[in-house]
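Each chain, letter by letter, is given below.
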Amino acid sequence: TNSNTCIGHDAMFLGTGSANVVIGNKAGSSTDGASAAMNGNNNVLVGDQAGYTLTDGPGNVLIGKSAGAAMTTGDYNIAIGYQAADALAGDANDNIAIGKNALGAEDLAQFNIAIGSDALLVQNSTAAVNLAIGYTAGKAISTGTHNVLIGHEAGSALASTSNSTAVGYNSLKLATGGSNTAVGSNAAANVLAGTSNTVVGDLALYTADGSEVGNTVIGAAALHNLDDDSGDNNVAIGNHAGRWDAS
């Protein structure tokens, strides 16, 4: 054991690894020595019970109360925040979770990025690879994969569907259907089961709240008031294109 820095009650208890920084009550303590002691190298664990059961590594950065607490042999994970990635276990590698409870239920997946409080909160699928950045972005995703969600509450109702891209405040906020692309503040914010829509622009396809399919909408408030489950395969391009207001 060489070049470790350990501060705190039972920090790195009985550990044999090298070049680790372990700070906090029972951080890296390997369940108080009841299981294999930490023998990994080059890990940074800071916080009460951060990396609590970590035995291997290398290269994990776990900062916050119980951050990465269930991790055992994972490599190169970053978990920063209260209970961030606290269910990751086994060979879950190369995940980034930053924020309270970010990636909080996942145990074995790899290559996920969750940044923001409750981002990817309930995801738990070994095959899932998602990126969610923003408060509660992708919060309901359970088994869906290949989703890119960036923005406050972006894609926060998606669960088992895949291949959606949402960029912007509340974009695809209520969507449950997959293969949608929405870029812009409140873009397609109320679409539910609709699929295969491409929406670009502030408030574009905003009112649609059902199963609208296959629309291509480009421009601020384009097709803003379309609200018909059979309103499929429309093309609207331009500022307020296809917008209809009742008078």
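Residues numbered from 1 in each chain as written. Predicted model: local features only at pLDDT ≥ 70, side-chain atom pairs only at ≥ 80, totals over all residues. Heavy atoms only, no water.

Undergrad: Sorry if this is basic, but what is going on with the environment of N42 here?
TA: The topology assignment puts N42 in the loop between β2 (21-23) and β3 (44-46). With relative accessibility at 47%, the residue N42 sits in the partly exposed group. Distance from N42 to S3, taken between C-alpha atoms, is 9.7 Å for residues 39 residues apart in sequence. Dropping the residues within four chain positions of it, N42 is found in contact with S18, A19, N20, G59 and N60. (Helix = DSSP H or I, 4+ residues; strand = E, 2+ residues; numbered from the N terminus. Buried < 20%, exposed > 50% of the residue type's maximum accessible area, 1.4 Å probe, protein only. Contact = heavy atoms within 4.5 Å.)

Undergrad: Would you mind showing me how to read a negative patch on the surface here?
TA: A surface patch of like charges, here negative, comprises D209, D227, D228 and D229. Position of D227 relative to the elements: it lies in the loop between β13 (216-218) and β14 (235-237). On the basis of relative accessible area, D227 is assigned to the partly exposed category, the value being 40%. (Patch = residues over 30% accessible without salt bridge, like charges linked within 9 Å, V, L, I, M, F, W, Y side chains within 5 Å. Areas by Shrake-Rupley, 256 points an atom, 1.4 Å probe, with all protein chains shown as cover. Salt bridge = Lys/Arg side-chain N within 4 Å of Asp/Glu carboxyl O. Lys, Arg positive; Asp, Glu negative; His and termini not counted. Charge placed at Lys NZ, Arg CZ, Asp CG, Glu CD.)

Undergrad: What should I look at first to understand empty space enclosed by the protein in this one?
TA: A probe matching the size of a water molecule, rolled over the atoms, marks out where space remains unfilled. Following the criterion strictly, the structure yields one cavity of 30 Å³ or more and no others. Counted as a void, the largest cavity has a volume near 30 Å³. Every residue along the wall of the largest cavity is listed here: L172, N180, T181, A182, A188, V191, N197 and V199. Classifying every residue of the lining of the largest cavity by side-chain character gives five nonpolar, three polar and no charged. (1 Å grid on protein atoms, 1.4 Å probe; cavity = no way out; pocket = protein on both sides within 12 Å on 5 of 7 lines; lining within 4 Å. Points joined across faces, edges and corners; volume = space filled by probe spheres on them. Nonpolar A, V, L, I, M, F, W, Y, C, P; charged D, E, K, R; others polar.)

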